[in-house]
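# Secondary and tertiary structure notes
The primary structure of each chain is shown beneath.
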Amino acid sequence: MKCPFCQHHNTQVIDTRLSEGNNSIRRRRRCMGCDSRFSTLEVVEMRMPLIIKRTGEKVLFDPAKLYTSISRALHKRPMDRESIENAVAEIETHLYHMGVKEVPSQMIGDMVLNLLAKLDEVAYVRFASVYKSFHDVSEFTQLIASLQRPD
């Protein structure tokens, strides 16, 4: 670690502590060149895949946007904020563990549909109506009929 005061490359770790809910490490350091002390913070860098939209545009993954989409589908349904946050975290974890650089937005939409099918059927139908761009009522009835079939 380079000293921020004298730019010397040799520093010594004096103290190490976990911080921020054990998601990062704070280290107290001493420069071997000028004897100055400073702190560093080490945080895990999670690289999420880029999302390829239907238009071909590539955008950064935004968990807040995913949260908003799921919240809209669950509007006025008996679902607490924590359950929605857990659903977003589950999708985010799955995307991270896939280990790919790019993911089509349709894959994320399918993940949301699968999750909503387990959480709330009404929210599932709401999300599917927007996501699948239904053109007439018969498509809605087919979707609802598929929900009523035992798996």
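Overview of the structure. The model shown is predicted, which means the values in this text are computed figures rather than measured ones.

Moving on, we come to the packing of aromatic side chains. Under the definition given, this model contains 2 aromatic pairs. An angle of 70 degrees between the planes, with centres 6.5 Å apart, marks the rings of Phe5 and Phe38 as edge-to-face. Highlighted residues: Phe5 in the segment before strand S1 (11-19) and Phe38 in strand S3 (residues 37-43), separated in sequence by 33 residues. For Phe38, a relative accessible area of 7% translates into the label buried. Centroid distance Phe127 to Tyr131: 5.8 Å. Interplanar angle 25 degrees. Geometry classified as stacked.

Below, the discussion takes up the layout of surface pockets. In this model, the largest pocket occupies a volume close to 620 Å³. Mapped by element, the contributors of at least two residues to the lining of the largest pocket are helix H1 (63-73), helix H3 (105-119) and helix H4 (121-131). Here the lining of the largest pocket is composed, by residue class, of 11 nonpolar, 5 polar and 6 charged.

Inspection of the secondary structure assignment puts Arg72 in helix H1. In this structure, the C-alpha to C-alpha distance between Arg72 and Val43, residues 29 residues apart in sequence, is 32 Å.

With that settled, consider the environment of Thr40. Along the chain, Thr40 turns up in strand S3. Separated by 13 residues in the primary sequence, Thr40 and Arg27 place their C-alpha atoms 5.2 Å from one another. Sequence-distant contacts of Thr40, that is, excluding residues within four places in its chain, are made with Met1, Ile25, Arg26, Arg27 and Arg29. Reaching out from Thr40, the side chain makes a polar contact with the side chain of Arg29 at a distance of 3.2 Å.

Cut-off values and rules
- Residues numbered from 1 in each chain as written.
- Predicted model: local features only at pLDDT ≥ 70, side-chain atom pairs only at ≥ 80, totals over all residues.
- Heavy atoms only, no water.
- Phe/Tyr/Trp six-rings, centres within 6.5 Å; stacked < 30°, edge-to-face > 60°.
- Helix = DSSP H or I, 4+ residues; strand = E, 2+ residues; numbered from the N terminus.
- Buried < 20%, exposed > 50% of the residue type's maximum accessible area, 1.4 Å probe, protein only.
- 1 Å grid on protein atoms, 1.4 Å probe; cavity = no way out; pocket = protein on both sides within 12 Å on 5 of 7 lines; lining within 4 Å.
- Points joined across faces, edges and corners; volume = space filled by probe spheres on them.
- Nonpolar A, V, L, I, M, F, W, Y, C, P; charged D, E, K, R; others polar.
- Contact = heavy atoms within 4.5 Å.
- Polar contact = N/O pair within 3.5 Å; in protein donor to acceptor, adjacent residues only side chain to side chain.

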